[in-house]
Each structure stands twice: as C-alpha cells, then as structure tokens.
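Fold and contact review
Below, each chain spelled out in residue letters.
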Amino acid sequence: MPLPADELLQGTLDLLILRTLSREPMHGWAVSHRIQEISKDALRVNQGSLYPALHRLEEEGLIESEWGVSELGRRAKFYEMTAAGRRQLARESATWRKFSEAVQLVLQFA
Amino acid sequence: MRIIRKVIHRMHTLVRPRRFERDLDEELSFHLEMQTRWHESQGLDRQSAHALAAREFGGAIRFREEVLDTRGLTWAQDITRDIRFALRSYRRAPGFTAVAVITLALGIGTTTAAFSIIDAVLIRPLAYEKPERIVTLTGRDSLGREIPSVSVPTFDDWRGQSRSFSAIALYGTARRAVITAGEAAHVETANVSPDFFRALGVQPALGRTLMPDDVTKGEPVVVVSHGFWARALGSPRTLPDAPLRIGTDAYRIVGVLPPGLEYPAGVDLFVPDAFGAPWRTASRNNINFNAIARLADGVTIEQARSEMRTIAARVHAAHPDDLYGRGVSVTTLQRRMVGPVESYLRLLAGAVIAVLLVACANLANANLARGAVRGREIAIRTALGAGRWRLVRQLLVESVALSVSGGIAGVVLAWALVRLVAQTSAVELPRAGEIAVNGTVLAFALALSVGVGSWLVSRRCFRRAGRPSRQRLPPAVGRQARDAAPPRAMCSSESSWPSRSCCSSARDCSSAASAR
C-alpha cells in the first residue's frame, strides 16, 4: 500500500515538490507522477495536497508558473523553480539528511 | 523581493479573480485528463479509467477552495456573499432582528450622544488661537471663597502691576434693547476693554475687532457675533452702513466675529469700554466684571499664579477693608467654562457605558438562544468542509452587520438626543452651541458598532471552540462525519474542527486511518 506523501512529516511534501522541479519545469500531474515513479510507488501525492502546496510555494516565491503546451497539445500550467526555491531546497535537503541520519542512528543503536 | 512578488501576485489575482478561478479549473481538469490517460495506458478502458481518475481526484471542490484561500481570493468574494447571507438569515428571523437592532440602537445611540456632548464640551479645545494660553482671573472674598468676578479698581491694580500677560482685559455683560430694521429685541451685550479680542486671540470674519483708540475717539462702534450677523442682519457681504441702535445711541458696526465662538456665553454685541465711569471705579465692592488674559510667550501658568499671588497680597495690604480683593485665582478659560459640569458629564459617561454593557449582555443572551439553532447549521457546514476561519468570519460578518445596523439607528437616536440637549434649556451646558453629530462622532459610532459586533462574536466563538460540534449533528450527517473522523492522534489535536492542513478530504482521512 503506497503511503500518501502528504501524510509524511510536515514540510516533506514541499521538499519533494521542490526536488522534483529542480530538474526541469513540469505541470502538476507530472510532479505527482514523478514522485510516485521515483519512489517506486511508495509515495503517492494526493491532488488535494499537491495543488494547494504548489500554489503556496508559488505565493512564497519558491516556484513560478507559466502556461505552456503539454504533451497532449493542450494548455497546461508549468511550474519552474526560482533562485529562492533553489536556496530553500538546499537548506531543506540538508536538514532532511541530518534528520534522517539521526533517526537512522536511533533506530539502529538505541 | 519575495514580499514584493507576493504582493504583485496577490493584487493580480484579486483584480482578476474570475480569470484566476478559470485557470485553476483548467489546471485541475488537465490533471484529471492526464490521470485518465495514465490509467488507459495501464490497460483500462476509457470509461473505467475516467471513473478511477475521478475517484482518485476526490474532493476537488474542497481543495479548489483551499487553493483560492491560499491566494487570498475567497476573502473578497466571500465577504459579499457573507453579508448577503447574513441579511437573508436576519430576514428569516424578524423578531430577533428587530429586538437586537433596537437594543443596539439604544446602547450605541446613548453612548454616541454622550460622546458627542463630552467631546464638544470637555475634550475639543476652544476655537481660539492657542486656547490653552487663555486664562481667567478671579478674586477671593474675605472668607477666602473664590468669587467669579472682580471690581474695576482691583482689576486696574492687577493690570498695572502684572508682567505675565501679553494681553489682559475686562468685560461686563448686560441685556440691552437693540433696534434693527425697525424691530426691537433684547440682546445680550458685553462691554469689553479694547484688549479683549487680543486676549482671546480672535481674528474677525469681516471688518476688524476693537482697537485701543475706539474708547478714546468717542465714536460709538460695535463688533457683532457671527450668529447676530446671520440672524439679525441677514449675512450681508459687506459691513452695513446703517448704524445699529443699542438703547438710545447709534453704533457703527465695525466687525463680525468668526462662527463657533461662544464666549462669553450668548453674547451677540461687543461694545468697547474704558471702564472709566465714576460709578464703576468708585467702589472695590462693585464686582460686576470679569477678567481674562493671555499668558505672555514663555510664561507658564504657575509663574503667572505666583506673580498674581504677590500682587493680590500687595493690593490687600493697601486696601484692607476691601471685601473681595483678597486673593486671585488664575484658571485656564476652558477649565473655567467646563469645570462646573465636568463631574456631571463623567457621571453621564459612566451611566451610558453601563447602558451599553446591559444592551450587549442582553444581546449576548439572545444570541445564545439563537446559537442553539445555528449550532446545527454550523456543524453541517463544518462537516461539508467549511474551514474554521471561514465560519468565524461568517459569524463575524453577521454580527458586525447587525451591530452596524444598530449603530446607524443609534446615530439617528444620538442626533435627536443631541438636539434635545443643545437646543432646549432643559440642560444648561457651557459650549452647548458646539455640540453636534460631526465626523468625529460618526467615526466614534462606527468604531463602537464594529467593536460591539466583534466582541459579541468573539464570545460566541470561544464558547464554541471548546465544544465538539459533531455531537450536534442530525443523526444521518453525524454518522458520516463520525466515519470521516480522522484518527485523533493525527488530525484533531487542536480542536473538534477537522483540520485541513492534515486531511484534505474525508476520504483521505479514512483511508489514512485504514492504512495504519
């Protein structure tokens, strides 16, 4: 059973979205699909969390959006990372690594 | 930089909300289509792929709202909707509404009326130049009691010896017969020494005020109040040539005072007087006169008091048999005018605040009874996914709409009360002519109304926040809501209101629960 990504620790979904968008601009569906794919179906992003998160990140200036033409030939909204988003991603990734290493240590040795 | 971008975004979406909503709908429907195609590519036929995608999509409406909330969009639209909804729900309960509006109107109206009186009489400075520098000088009698007036010889001593004042003047009032345009009337007049208007710091609206040689040249002149100029003379553009007959003499009108000045109270005609007539100067016991002065630049009222104490002691030593010249009080003009009524007005303020509190308490009780009915509606709306802030705002809008309606009725009431106080002789107040429902008063009434409305709703919200609203649901809805209830540890740590930061729809929560 896949875990809904939005049920993970708070802020994790933002981190996943930012990391996914750091490669290339994508539309919302592609973001959720990519996360699901890369995590080998272990993480599933619910639309009910994805779109509010995307719009929130855009409000915060971490990503930008632009209407483009999708692979279907249909208008789609593409999200792209900003410089501020990149800095945020670097910070958050470092925090996450530290956190997961710490949890790992506790799980192994406590 | 980030903040600027945010503001621009916000402005953009606020200015073109429809377009933003359309974009959002398109974005979501694109997602749905992509998901459908994805399922098709996995081997489902189009119809079941679409059905599956739609099911996965879940409460689209709900997170659509959430996105709009994120963008601060729903606010502007919902406020109008809330107001309309509030008005509709009040129309459905006309009895409650009428009682509530009348209660509020009484509370806010009396408070506003009291405020407009207190503001005009106590708070607002007198309409003179630097009014805090104007003082009155009054004597003391042989028992040490303050007397409101002074005799001409004592005043002459004060004027001759004091250095604290840039102008010092004497006046006495009398009611005299005045003839204008063939009609005779009794008019309140004042004989004033030529420095009178310099002490008050008054600039004329027309012509001039009085000058020192007005009392020496011998031509009778008069300065008229703005009210007299309007009422008796018909507001001419220039000074009239025809003389004004006061008693048996003809006076030339040389100036008109600006509007809004009312000192001494009710006086319409100001006649220059040197106060040199023997019957005035003969006795120090003829205390029919009043003294005012303007503090010289750089002189504090304490310094003036100290100088006047010395002078008064000297005057008393020179005239030990004088009944009234045994001391002197230096008091600011405003204090002198309103001091006698200040404690009554404070009492009035306390009384109307009590009335307002009683009105609020009554209304809070009525609200409580109504809240029992509303509780069910609110519980349903919560279950349907209305956010907490959304509901609070709805209640706030309803309450403020009610209190502002009451406030508007209250202003009408205040206006009537103020007229009653200012224009009838039932209540004698200094500066009564200045009492009016003006901009300051309206702003006060508005702030009061909004404050009362918010306060009422804050009580309701706090009361509600402590109580699980699920319990009040009708049975059917209640069951669904219970089924949908998220596991406690995850979702309802803060209150009984399902928190949306955690669950975006009922389905999410139940699946999350079963996943565990």
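Residues numbered from 1 in each chain as written. Chains lettered and ligands numbered in written order. Predicted model: local features only at pLDDT ≥ 70, side-chain atom pairs only at ≥ 80, totals over all residues. Heavy atoms only, no water.

When its secondary structure is counted, chain B shows 18 helices and 11 strands. Looking at chain B residue by residue over its 516 residues, the buried ones come to 46%. Across chain B, the fraction of contacts at a sequence separation of at least 24, relative to all contacts at a separation of at least 6, is 77%. Split by element, the accessible area of chain B, about 26,100 Å² in all, is 59% carbon and sulfur. (Helix = DSSP H or I, 4+ residues; strand = E, 2+ residues; numbered from the N terminus. Buried < 20%, exposed > 50% of the residue type's maximum accessible area, 1.4 Å probe, protein only. Contact = heavy atoms within 4.5 Å. Areas by Shrake-Rupley, 256 points an atom, 1.4 Å probe, with all protein chains shown as cover.)

Further remarks concern the nonpolar core. Membership of the largest hydrophobic core comes to 40 residues, with the highest contact counts inside it found for Phe196(B), Leu200(B) and Phe270(B). Counting residues per element, the ones that place at least two in this core are helix H6 (94-123), strand E3 (165-180), strand E4 (183-192), helix H8 (196-200), strand E6 (221-224), helix H13 (333-383) and helix H14 (388-423) of chain B. Look past the residues within four positions of Leu200(B) in its chain and what remains in contact with it is Tyr128(B), Glu129(B), Ile134(B), Tyr263(B), Ile292(B), Arg294(B) and Leu333(B). Of all hydrophobic cores here, the second largest spans 31 residues; its members include Leu21(A), Val31(A), Met81(A) and Ala53(B). (Core = buried A, V, L, I, M, F, W, Y, C linked by side-chain atoms within 4.5 Å.)

Turning next to the pairing of strand E4 (residues 63-69) of chain A. On a regular strand, one side chain projects to one face of the sheet and the next to the other, so that they alternate. All names here are of chain A. Where E4 lies against strand E5 (residues 75-81), seven bridges are found, and the strand directions are antiparallel. The residue of E5 that forms the bridge with Ile63 is Met81. Hairpin connection, E4 to E5: the antiparallel pair is bridged by five residues, and Gly73 has positive phi, about 80 degrees. (Pairing = 2+ DSSP bridges.)

Time to look at a positive patch on the surface. Among the surface-exposed residues, Arg84(B), Arg88(B), Arg91(B) and Arg92(B) lie close enough to one another that they form a single positively charged patch. As for its position among the elements, Arg88(B) is in helix H5 (residues 74-92). (Patch = residues over 30% accessible without salt bridge, like charges linked within 9 Å, V, L, I, M, F, W, Y side chains within 5 Å. Salt bridge = Lys/Arg side-chain N within 4 Å of Asp/Glu carboxyl O. Lys, Arg positive; Asp, Glu negative; His and termini not counted. Charge placed at Lys NZ, Arg CZ, Asp CG, Glu CD.)

Turning next to the sheet that holds strand E2 (residues 26-27) of chain A. Residues and elements named next belong to chain A. Strand order in the open sheet made by the three strands is E2-E5-E4, with antiparallel pairing throughout. The open sheet is flanked by E2 and E4, the only strands paired with a single partner. Across two bridges, E2 lies against E5 in antiparallel orientation. Paired with His27 across the strands is Phe78, a residue of E5.

In this section: the packing of helix H1 (residues 12-21) of chain A against helix H4 (residues 83-109) of chain A. Residue and element names in this part refer to chain A. Taken N-terminus to C-terminus, the directions of H1 and H4 make an angle of 125 degrees; their axes are 10 Å apart at the nearest point. The orientation of H1 with respect to H4, classified from their angle, is oblique. Read as a crossing pair, H1 and H4 show a hand that is left-handed. In contact with Thr12, Leu15, Leu18 and Arg19 of H1, H4 contributes Gly85, Gln88, Leu89, Glu92, Ser93 and Trp96. Class assignment for the residues of the contact of H1 with H4 results in four nonpolar, four polar and two charged. (Axes fitted to C-alpha atoms, helices over the stretch in contact; angles between N-to-C directions. Parallel < 35°, antiparallel > 145°, perpendicular 65-115°, else oblique. Left-handed = near helix turned anticlockwise from the far one by under 90°. Nonpolar A, V, L, I, M, F, W, Y, C, P; charged D, E, K, R; others polar.)

Averaged over every residue, the pLDDT of chain A is 85; residues scoring 70 or more account for 91%. Taking the mean pLDDT of every element in chain A, the minimum, 58, falls on strand E1 (residues 3-4) of chain A and the maximum, 91, on H4(A). (pLDDT = per-residue confidence, 0-100.)

This part takes up the side chain of Thr36(B). Residue and element names in this part refer to chain B. Here Thr36 is to be found in helix H2 (residues 17-41). According to the relative accessible area criterion, Thr36 is buried, its value standing at 2%. Ignoring any residue separated from it by four or fewer positions in sequence, one finds Thr36 in contact with Arg46, Ala49, His50 and Ala53.

Attention now goes to the pattern of salt bridges. Residue and element names in this part refer to chain B. For the structure shown, the criterion picks out 17 salt bridges over all chains. Put simply, Arg46 and Glu40 hold a salt bridge, and the shortest N to O gap is 2.9 Å. Overall, Glu40 belongs to the partly exposed group, its relative accessible area being 29%.

A few words on the confidence of the model for chain B. Residues with a pLDDT of 70 or more make up 82% of chain B, whose mean pLDDT is 77. Confidence drops under a pLDDT of 50 for residues 465-516 of chain B, and excluding neighbours within four residues, the segment shows 67 contacts in the predicted structure.

As a further point, take the environment of Gly61(A). Residues and elements named next belong to chain A. Among the secondary structure elements, Gly61 is positioned in the loop between helix H3 (47-59) and E4. In this structure Gly61 comes out as buried when scored by relative accessible area, which is 0%. Between the C-alpha atom of Gly61 and that of Thr82, which follows or precedes it by 21 residues, the distance is 7.1 Å.

Together, Trp96(A), Phe99(A), Val103(A) and Leu107(A) line one region of the surface with nonpolar side chains, adding up to about 390 Å² of accessible area. Looking at the element boundaries, Leu107(A) is found in helix H4.

Residues and elements named next belong to chain B. Between its terminal C-alpha atoms helix H12 (residues 301-318) stretches 25 Å, which fits the 26 Å expected from 18 residues at 1.5 Å a residue. Turning to H12, its buried residues number three or more, namely Ile301, Ala304, Glu307, Met308, Ile311, Ala312 and Val315. Axial view of H12: buried residues confined to an arc of 140 degrees, hence all on one face. Opposite the buried face of H12, at more than 90 degrees from it, the exposed residues are Arg309 and Ala317. Buried positions along H12 lie against strand E1 (134-140), helix H7 (152-161), E3, strand E10 (290-295) and strand E11 (328-332). (Expected span 1.5 Å × (residues − 1). Arc of directions from axis to C-beta.)

Before going further, it helps to spend a moment on unusual backbone geometry. The phi dihedral of Asp41(A) falls on the positive side, at around 70 degrees, and the residue is not glycine. Relative to the helices and strands, Asp41(A) resides in the loop between helix H2 (28-38) and strand E3 (43-44). The class for Asp41(A) is partly exposed, based on a relative accessible area of 46%. Positive phi, close to 40 degrees, is recorded for Lys130(B), a residue that is not glycine. Relative to the helices and strands, Lys130(B) is located in the loop between H6 and E1.

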